[in-house]
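# Residue-level structure breakdown
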Amino acid sequence: MSFNLGASTACFYPLETEKALKKVVDLGFKNTEIFMNAMSELDEPFVKELSAIADERSVNIVSVHPFSSFLESSCIFTDYKRRFDDFIGIYDKTCHAAAMLGARYVVIHGAVATPKIPIPDERYFERFSRLVEIGRREGVTVCQENVNRFKSQSIDFCKKMRQNLGSDFNMVFDIKQTVRASQDTFEFLNEFKNEIKHVHISDNARYGDCLPPGKGNFDFKRLKSILDSVNYDGSYVIEIYSGSLDVAKELKESKVYLEGLCQG
């Protein structure tokens, strides 16, 4: 048993992205997810700066998370076509940036579960297919993340999406999002284990979620066993939020804890 561990730059938000990446690198993680936080961070000079930081320590950038997740309901899955046409270019730039960084995946939140103006599933699937095609042109895979308060929080919605998209349906699985959505984490995991390409990990307990691994009671060995059963070869990227935490300290301790599980 061995976790292919990483840490997301999002752990250090609102620290600037390049500084957050340096912290992840300095902690000895060999995998990371880059969470872009501004339009200018998609420009090639900045992307090359990030690439140089990772290359210096041979760190693998697994995935890119666009800053524009908060826009997706109203600008990508919108019923106003012109707005979609104006904003889809952000995803051209995001997928190109991911390709430049050598990332395999781009992470999409999608539409909120209850928008003011309903978003038909058919439109959602058609627009998501457009995102998939943009990624394909750049050689990256666009993935749906399960996200609390978004359509993708629902197992039934994701099953319908899988049925509609077929082999173009791929997932990023996030533990804390199933907890926040009051979903059974292992039911979700078992249902989509064949489509999961990338995993965000955190711990949870009765007193909270999004805890550093080792500070709750989540069964990481069970998670690993389920994904091992389908020969999952992706990474397990720690994604916690700074808040009042000493994030560097917590990530270091989580790394030791998870590596210890592998030896137990």
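What counts and how
Along each chain, numbering runs from 1 in the same order as the chain's sequence is written. Confidence filtering applies because this is a predicted model: local features only for residues at pLDDT of at least 70, side-chain atom pairs given and counted only at 80 or more, and all residues used for totals across whole chains, interfaces and linings. Hydrogens and waters are ignored; side-chain quantities use all the structure's heavy atoms. For Phe, Tyr and Trp, rings pair up if their centres lie within 6.5 Å, where Trp contributes its six-membered ring, and each pair is then called stacked (planes under 30 degrees apart), edge-to-face (over 60) or tilted (otherwise). The numbering of helices and of strands both runs from the N terminus, where a helix is a DSSP run of H or I of at least 4 residues and a strand a run of E of at least 2. Relative accessibility decides the category of a residue: with a 1.4 Å probe and only protein chains considered, values under 20% of the type maximum give buried, values over 50% give exposed, and everything between is partly exposed. We call two residues in contact when some of their heavy atoms are within 4.5 Å. In this description, a nonpolar core means a group of buried Ala, Val, Leu, Ile, Met, Phe, Trp, Tyr and Cys residues linked to one another through side-chain atoms lying within 4.5 Å. DSSP bridges decide pairing: two strands pair if at least two such bridges lie between them. All axes are obtained by fitting lines to C-alpha atoms, using only the stretch in contact for helices, and the reported angles, taken between N-to-C directions, cover 0 to 180 degrees.

## Topic: the packing of aromatic side chains
Using the criterion set out here, one finds 13 aromatic pairs in the structure. Aromatic side chains Tyr124 and Phe128 sit 6.3 Å apart centroid to centroid with 10° between the ring planes, which places their arrangement in the stacked category. Of this pair, Tyr124 and Phe128 are both found in helix H6 (residues 121-138), 4 residues apart, which corresponds to roughly one turn of the helix. Pair check on accessibility: Tyr124 and Phe128 agree, each one buried.

## Some details on the environment of Phe87
Counting through the fold element by element, Phe87 comes out in helix H4 (residues 81-87). In the structure, Phe87 is positioned 26 residues away from Ala113 in sequence and 21 Å away in space, judged by C-alpha atoms. Ignoring sequence-local partners within four residues, the contact set of Phe87 consists of Leu71, Cys75 and Ile76.

## Some points on the nonpolar core
Among the nonpolar cores identified, the biggest contains 79 residues, and Phe128, Ile201, Leu223 and Leu251 are the most heavily contacted of them. Contacts of Ile201, omitting those with residues within four sequence positions, involve Leu5, Ile175, Pro213, Phe220, Leu223, Tyr236, Val237, Ile238, Glu239 and Leu258. Judged by nonpolar contacts, the second largest core, of 5 residues, contains Val62, Tyr105, Val107 and Cys143.

## Focus on the sheet that holds strand E10 (residues 236-238)
In space, the 8 strands of this closed barrel follow the order E1-E2-E3-E4-E5-E6-E7-E10, with parallel pairing throughout. On average, each strand axis in the sheet is tilted by 30° relative to the strand beside it, whichever way the strands run.

Distances and angles like these do not, on their own, reveal function.
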